[in-house]
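# Close look at the chain arrangement
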Amino acid sequence: MHAFIGLGSNLDHPSQRLISALWALQRLPGLTLRQHSRLYTSAPVGPQDQPDYVNAVAAVDTSLAPHALLHTLQALELAAGRQRLRHWGERTLDLDILLIDNRAIDSDDLQVPHPQMTRRAFVLLPLLEICPHALLPDGTALSSFLGQVTEQPISPLAELDRNALIE
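Residues numbered from 1 in each chain as written. Predicted model: local features only at pLDDT ≥ 70, side-chain atom pairs only at ≥ 80, totals over all residues. Heavy atoms only, no water.

## Brief notes about the pattern of salt bridges
Which entries qualify depends on this criterion: One side-chain nitrogen of Lys or Arg within 4 Å of one carboxyl oxygen of Asp or Glu is enough to make a salt bridge. Helix and strand definitions follow DSSP, with helices as H or I runs of at least four residues and strands as E runs of at least two, each counted in order from the N terminus. Each residue is assigned to one of three classes by its accessible area relative to the maximum for its type, calculated with a 1.4 Å probe on protein chains only: buried under 20%, partly exposed between the two thresholds, exposed over 50%.
Tallying each qualifying case throughout the model produces four salt bridges. D61 is the salt-bridge partner of R34, the closest N and O atoms lying 2.5 Å from each other. Within this pair, whereas R34 is found in strand β2 (residues 31-36), its partner D61 is found in strand β4 (residues 53-62), the two being separated by 27 residues in sequence. Using a relative accessible area of 24% as the deciding quantity, one classes D61 as partly exposed.

Listed below in structure tokens is the structure:
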């Protein structure tokens, strides 16, 4: 199974948090990190009284079933000190399943494609950086949503080149 994972952090050295998360993904049983985007910085969505975010997207191959992948990512978040204090609030680490193959999943705890991904520059730009022709399960090109997020400021960070962590 091929999946794209969105990574985000805005607390406690967020760039280092994402680098550590990419290393952790690479070491997970049943998961192979294929590539990752550069790191990007962006303003928070939701409450504005929090620091800017650092985001990236990783492409992985996994033998884990979708819900097992979700629980594995949630365990990584908890290990990084993730606390859910408020909706769209600050976090040490956020790991979201964006896409899994051409699958659509709609369950109580997992929605794929991620329901907000087409509205977020911090998801679209890193994802399209590593997969320019990415499609939603219905065949819609993700690049077709870029025009809707041009007002969202996002900037690449120079500290991590794409695929720097791929062994």
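## Quick notes on helix α1 (residues 14-27)
Note that an α-helix has 3.6 residues per turn; residues three or four places apart therefore point the same way. The criterion, for reference: The span expected for a helix works out to 1.5 Å for each residue beyond the first. Two residues qualify as a contact provided that any one of their heavy atoms is within 4.5 Å of a heavy atom in the partner residue.
Under the 1.5 Å per step criterion, the end-to-end length of α1 is 20 Å for 14 residues, consistent within 8% with the ideal 20 Å. Buried within α1 we find P14, S15, R17, L18, I19, A21, L22, A24, L25 and Q26. Contacts from the buried residues of α1 go to β1 (2-9), β2, β4, α2 (66-79) and β5 (94-100).

## Some details on the pairing of β4
Rule in force here: Strand pairing is assigned whenever DSSP identifies at least 2 bridges connecting the two strands.
β4 sits mainly inside the fold: nine of its ten residues count as buried. Bridge analysis of β1 against β4 gives eight bridges, and the strand direction is antiparallel. Counted as the bridge partner of L7 is A56 from β4. Both β2 and β4 contribute to a ladder of five bridges, which runs antiparallel. The partner of L33 across the bridge, within β4, is V60.

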